[in-house]
Amino acid sequence: MTALRTIPFGRPWITEEDQQAVLTVLQSPVLTHGPQGQLFEAEFARFLGEECYCISVSSCMAALHLAYLQMGIGPGDEVIVPAQTHVATVHAVEWVGARPVFVDCQLPTGNIDATRLEAVITPRTKAIGLVHFLGMPCAMDEILAIAERHGLKVVEDCAIAVGSRLHGRHVGLFGEVGCFSFYPVKHITAGEGGMVVTRDPQVAQRINLLRAFGVDRTHGERTRPGQYDVVTLGFNYRMSELQAALGRSQLRRVQAILSQRRANFFALKSLLTALDDILILDAPEVESSNSHYCLSVLLTGKLAKKRDKIVEKLQQAGIGTSVYYPQPVPRMMYYRQKYGYRADLFPQAEAVSAHSIALPVGPHLIPEDIEYIAARFRHAVKETAA
Ligand SMILES: *Cc1c(COP(=O)(O)O)cnc(C)c1O
């Protein structure tokens, strides 16, 4: 066996340029509400590659909350959500007072199973809130057709889907609202932060209002101090200039980050595919591209029950892993206590949460790391199977 290495699951990649960008803001008089935020929004829209509105916010959770709030969705309404996702996808629905209705995922992507959507639609259903799981685009053709047939809005959680496209269109621009995250270990970071994207100018206007207290005029739009009114019940969900400057600096490297993730993903995948009893979550890249957030291995057959043992062996070898996501959201205590839980409704989500291991593919890996992860993974499998 080769010498031990230490490979974290994710590590923010902060360059000297990134640091300089933040320092420059600190030396300026404007720390929020300024040019960095506006430039980040414009540059993110250019990256998406289509005419759209981008509104920077404090997190993806804030973005998701605003998405439903501006729709006027609330008590008595239902929103269809995936059972297998980050809890923020669902918390946003709860925070506006609507009821989340969970749908199982499908394999080999882990995305919401579009064939199960129509069975849960009721007269109270107002929207579908989906996640592009680990950066693999959902079946948007099918989902949008169903949404249109039933008059439902679509919210896309794109927190780990920066760079994911389908038929040339970046994810987040298919539904009414798309929500991105700049949390430290996502594709690009602003420390914390998020972005709301939409092609609808009225949606953008409502989100702009709700993001900053419901005040109807920005500082730039006032001709004298205090010249504003408050027209709705908003939040302070703004992103600071420090965060926006870091996000802008990171966005300049996004293509390099994406191609490195992609190369790492395929290198690692090719070293693991020969193993028995594993399924690597992936989507065929026909007319689409993935953001390759991680490489999630679903253990099947006789390996299915060995997940925790294999994770432990990888940990001893210095390899950081993660689980996306450790429990189906409806099984988490808050949701279980509120709505009850039936495991038989979510067999695939149960399998992914109980039997998958997410391996790192981020730009912090070097080629030797990939070989090391694959060798140690094979070794751990052999040892636990014996
Ligand atoms: C990280 C993540 C979020 C939450 O993002 P924050 O910016 O931390 O609020 C939401 N959804 C998914 C799928 C995520 O991975």
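As the structure is a prediction and not an experimental result, all values here were calculated from the model.

A. The sheet that holds strand β11 (residues 288-289), seen in detail. Read from one edge to the other, the open sheet built from 3 strands follows the order β7-β6-β11, with strand pairing classed as antiparallel. If you trace the sheet from one side to the other, it starts and ends with β7 (169-170) and β11, each paired once. In this sheet, β7 lies alongside strand β6 (residues 165-166) in antiparallel orientation, the contact comprising 2 bridges. Across the sheet, the residue bridging to R165 is H170, located in β7.

B. Molecular detail of the pattern of salt bridges. Counted by the stated rule, this structure contains 18 salt bridges. Its salt-bridge partner being E43, residue R248 comes within 2.8 Å of it at the nearest N-O pair. Of the two residues, R248 sits in helix α7 (residues 241-251) while E43 sits in helix α2 (residues 35-48), which places them 205 residues apart along the sequence. Residue R248 is classed as buried on the basis of its relative accessible area, which comes to 12%. Among the residues examined, E43 registers a relative accessible area of 17% and is labelled buried. Two residues, R169 and E50, come together in a salt bridge whose shortest N-O distance is 2.6 Å. With R169 in strand β7 and E50 in the loop between α2 and β1 (53-57), this pair connects stretches of sequence that are 119 residues apart.

C. Looking closely at the sheet that holds strand β10 (residues 278-280). If you walk across this open sheet you meet the 3 strands as β10-β12-β13, and the pairing is antiparallel. Taken across any chain shown, the strands that pair with only one partner, and hence form the sheet edges, are β10 and β13 (356-359). Adjacent strand axes in the sheet meet at a mean angle of 25° when their direction is disregarded. Pairing of β10 with strand β12 (residues 295-299), which is carried by 3 bridges, proceeds in the antiparallel orientation. For I278, the partnering residue across the bridge sits in β12 and is L299. Running at roughly 25° to β12, helix α8 (residues 254-272) makes contact with β10, β12 and β13 of the sheet.

What counts as what
Residues numbered from 1 in each chain as written. Predicted model: local features only at pLDDT ≥ 70, side-chain atom pairs only at ≥ 80, totals over all residues. Heavy atoms only, no water. Pairing = 2+ DSSP bridges. Helix = DSSP H or I, 4+ residues; strand = E, 2+ residues; numbered from the N terminus. Salt bridge = Lys/Arg side-chain N within 4 Å of Asp/Glu carboxyl O. Buried < 20%, exposed > 50% of the residue type's maximum accessible area, 1.4 Å probe, protein only. Axes fitted to C-alpha atoms, helices over the stretch in contact; angles between N-to-C directions. Contact = heavy atoms within 4.5 Å.

Everything listed here is a matter of coordinates, which is why it stays silent on function.
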